Amino acid sequence: MYENLVNQQAGKLLLNDIKHNRLPGAILFAGPEASGKLTAALETARILSCHEKPQGKWICECPSCLQHKSLVCSNLMLMGPRDCSLEISAASKTFTEAAFINAKYIDAARYLFLRSVRKLTMRFNGILWEGDSNLNKIGNLIDEINEKLEQLDFPRALPESTELKKICEEIIKSCMKLEDDFLYDSIPISQIRNMEAWAHIKSEEGRKTVIIENADRMQTSVRNALLKILEEPPEDVVFILLTTKRNAIMQTILSRVRTYNFTDRTIEQQGEVIQRVFHNDNFSGSLNDYLLTYLPVSPSEIKAQARIFYNSVANRQICNIEEIVKKCDKFYPRIELRLFLTNLAYFMRPMLSSQAGSEAAAGALQLLRNCSDNITLYNQSPASALEILLRDMFALNNSFGGVFCAAM
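Please read all numbers here as calculations on a predicted model, not as lab measurements.

Scanning the protein chain from N- to C-terminus turns up 17 helices and five strands. Against the 2.2 N^0.38 benchmark of 22 Å for 408 residues, the protein chain shows a C-alpha radius of gyration of 22 Å, consistent with a compact globule. For the C-alpha atoms alone, the extent of the protein chain along its principal axes is close to 70 × 55 × 45 Å. Within the protein chain, contacts between residues at least 6 apart in sequence are counted, and of these 74% link residues at least 24 apart. Here the protein chain displays about 19500 Å² of accessible surface, and carbon together with sulfur accounts for 49% of that area. Distance between charge centres in the protein chain, computed from 47 positive and 48 negative side chains, equals 4 Å.

In structure tokens, the structure reads:
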């Protein structure tokens with residue numbers, strides 16, 4: 001159990017609590033990005049639903065464990081925002097290269113790709129999205145993805161390398177559209193209510209598990225709705241909340257969960273994860289940095305375009321927004337937009353040395369959030385949203401007497 005959770009003490013603590021029947025009905029995994037929280041949550045769900053004794057061996061082939069390994073178990077609900085497209089692209093490369101050379105780890109690479117895709121598609125469970133205006137469009141995309149996945153799933157023989165690569169590329173394209181066009185940045189309250197109804201239906205196949213990723217991003221009304229469920233949890237349902245910001249979780253929710261802390265792994269330890277999971281021995285850097293290499297536009301180029309934008313504000317000069325959007329490939333996938341806005345926030349750090357600078361930075365951060373919402377929630381074009389951001393940051397800079405400093 002937890003053999004695939006590398007260099008995290010939390011796995012041993014979870015294993016001990018499960019063995020001694022001390023695991024509560026609601027738990028929280030807290031720790032930095034890429035520390036294995038989702039891996040641990042999915043493995044916990046598998047172990048708790050295993051039909052064999054002793055429970056949860058990694059090599060177990062009971063029907064429940066096989067379904068969990070492929071992420072097709074009906075007793076598992078996965079919710080919350082996540083950037084999935086880069087992991088899918090990285091898994092695709094590992095899979096297609098393993099198939100090309102007929103590597104001994106081909107089955108592991110096959111599971112890696114299937115699971116990476118389903119980590120996204122599971123968030124679009126029809127039960128969760130019931131009543132959503134986008135349900136039909138989402139359903140069509142999911143059907144396209146699943147139809148192609150069937151050609152790659154066990155126990156089918158894999159197609160030849162060229163066809164395999166083509167299928168993977170088509171799946172990646174559909175997944176990027178699914179994630180960018182329909183995945184909410186914050187869980188809607190309707191999904192919490194739909195999940196609650198599902199959780200109260202008694203399962204004949206053992207325990208249910210609800211995994212909520214990035215639980216700190218929930219709006220107040222959603223947090224309150226979740227709190228009501230945690231106060232009177234359904235029998236035989238385990239809730240696993242994941243967060244990178246434990247302090248952002250509502251205190252009343254914290255009081256109803258047991259926290260398992262995940263630590264930031266060293267670069268060497270993250271290198272071990274990259275080698276074990278993606279079979280890449282040559283990359284030197286963090287796991288996040290590795291995944292960012294699969295962006296269509298390099299992180300350095302995105303940072304350079306953010307610097308041009310920011311310096312135009314600091315120098316009170318108009319910049320070419322259309323050119324910035326073009327250089328960033330229209331911010332597709334949407335993670336490029338987050339990197340762009342994160343770099344803008346980073347360039348504000350020198351402003352914080354004065355009271356006026358701190359107030360200006362606080363106002364600018366709100367403008368960045370508004371820009372993100374305009375694009376991701378209100379479907380405004382990136383060019384239009386950045387034009388508004390530039391105008392508003394000009395006004396903010398002027399109102400504080402030109403407090404913005406040019407980025408070096």
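All right, on to a negative patch on the surface then. Together, Asp-143, Glu-144, Glu-147 and Glu-150 line one region of the surface with negative charge. Inspection of the secondary structure assignment puts Asp-143 in helix α6 (residues 135–150).

With parallel pairing, five strands are arranged side by side in an open sheet as β2-β3-β4-β1-β5. The open sheet is flanked by β2 (76–79) and β5 (258–261), the only strands paired with a single partner. In this sheet, neighbouring strand axes are inclined to one another by 20° on average, regardless of whether the strands run parallel or antiparallel. In this sheet, strand β4 (residues 237–243) lies alongside strand β1 (residues 26–30) in parallel orientation, the contact comprising five bridges. Looking at the pairing, Ala-30 lines up with Thr-243 of β4.

What follows is about the packing of aromatic side chains. In the structure shown here, the tally under the stated rule is 14 aromatic pairs. Pairing Tyr-111 with Phe-154 gives two aromatic rings, centres 4.6 Å apart and planes at 35°, and the pair type is tilted. Here Phe-154 lies in the loop between α6 and α7 (161–182) and Tyr-111 lies in helix α5 (residues 106–121), a separation of 43 residues in the sequence. Residue class for Tyr-111 comes out partly exposed when judged on its relative accessible area of 25%. An angle of 65° between the planes, with centres 6.1 Å apart, marks the rings of Tyr-346 and Phe-347 as edge-to-face. For Tyr-346, a relative accessible area of 43% gives the class partly exposed.

Okay, the side chain of Arg-265 next. Topologically, Arg-265 is positioned in the loop between β5 and α11 (267–278). From its side chain, Arg-265 meets the backbone oxygen of Val-6 in a polar contact 2.6 Å long.

Let us now look at helix α4 (residues 85–101). With 17 residues, α4 extends 25 Å from end C-alpha to end C-alpha; this agrees with the ideal 24 Å at 1.5 Å per step. For α4, every residue scored as buried is listed here: Ser-85, Leu-86, Glu-87, Ile-88, Ser-89, Ala-90, Ala-91, Ser-92, Thr-94, Phe-95, Thr-96 and Ala-98. Residues of α4 that are buried in the fold lie against α5, α7, α11, α12 (287–292) and α15 (335–347). Once α4 ends, the next one or two residues include Asn-102, with phi positive near 50°.

Here we come to unusual backbone geometry. With an omega of 0°, the peptide bond between Phe-154 and Pro-155 qualifies as cis. By secondary structure assignment, the location of Pro-155 is in the loop between α6 and α7. Following Tyr-332, the chain continues to Pro-333 via a peptide bond in cis, the omega torsion being 5°. By the secondary structure assignment, Pro-333 is in the loop between α14 (321–327) and α15. Even without a glycine there, the phi angle at Phe-331 is positive, about 55°. Relative to the assigned elements, Phe-331 resides in the loop between α14 and α15.

Let us look at the packing of α4 against α7. Following both chains from N to C, one finds α4 and α7 inclined at 175°, their axes separated by 10 Å at the closest point. Between α4 and α7, the angle is such that the two are roughly antiparallel. Contact residues: Ser-85, Ile-88, Ser-89, Ser-92, Phe-95, Thr-96, Ala-99 and Phe-100 in α4; Ser-161, Leu-164, Lys-165, Cys-168, Ile-172, Cys-175, Met-176 and Glu-179 in α7.

Before going further, it helps to examine the pattern of salt bridges. What the rule picks out here adds up to 16 salt bridges. Note that Arg-22 and Asp-17 form a salt bridge whose closest N and O atoms lie 3.4 Å from each other. Taking relative accessible area as the criterion, Asp-17 reaches 10% and is therefore assigned buried. In this structure, Arg-82 and Glu-213 form a salt bridge, with 2.5 Å as the shortest nitrogen-oxygen distance. Of this pair, Arg-82 sits in the loop between β2 and α4 while Glu-213 sits in the loop between β3 (208–212) and α9 (220–231), placing them 131 residues apart in sequence.

The subject of this paragraph is the packing of α6 against α7. Orientation of α6 relative to α7, taken along the N-to-C sense of each, is 155°, at an axis distance of 10 Å. With respect to their mutual orientation, α6 and α7 come out roughly antiparallel. Of the two elements, α6 crosses α7, and the hand of that crossing is left-handed. Seen from α6, the contacting residues are Lys-137, Ile-138, Leu-141, Ile-142, Glu-144, Ile-145, Lys-148 and Leu-149; seen from α7, they are Ile-167, Glu-170, Ile-171, Ser-174, Cys-175, Lys-177, Leu-178 and Phe-182. Grouping the constituent residues of the contact of α6 with α7 by class yields ten nonpolar, one polar and five charged.

Calculation rules
Residues numbered from 1 in each chain as written. Predicted model: local features only at pLDDT ≥ 70, side-chain atom pairs only at ≥ 80, totals over all residues. Heavy atoms only, no water. Helix = DSSP H or I, 4+ residues; strand = E, 2+ residues; numbered from the N terminus. Rg over C-alpha atoms; globule rule 2.2 N^0.38 Å. Contact = heavy atoms within 4.5 Å. Areas by Shrake-Rupley, 256 points an atom, 1.4 Å probe, with all protein chains shown as cover. Lys, Arg positive; Asp, Glu negative; His and termini not counted. Charge placed at Lys NZ, Arg CZ, Asp CG, Glu CD. Patch = residues over 30% accessible without salt bridge, like charges linked within 9 Å, V, L, I, M, F, W, Y side chains within 5 Å. Salt bridge = Lys/Arg side-chain N within 4 Å of Asp/Glu carboxyl O. Pairing = 2+ DSSP bridges. Axes fitted to C-alpha atoms, helices over the stretch in contact; angles between N-to-C directions. Phe/Tyr/Trp six-rings, centres within 6.5 Å; stacked < 30°, edge-to-face > 60°. Buried < 20%, exposed > 50% of the residue type's maximum accessible area, 1.4 Å probe, protein only. Polar contact = N/O pair within 3.5 Å; in protein donor to acceptor, adjacent residues only side chain to side chain. Expected span 1.5 Å × (residues − 1). Parallel < 35°, antiparallel > 145°, perpendicular 65-115°, else oblique. Left-handed = near helix turned anticlockwise from the far one by under 90°. Nonpolar A, V, L, I, M, F, W, Y, C, P; charged D, E, K, R; others polar.

Treat this as a map of the structure, not an account of what it does.
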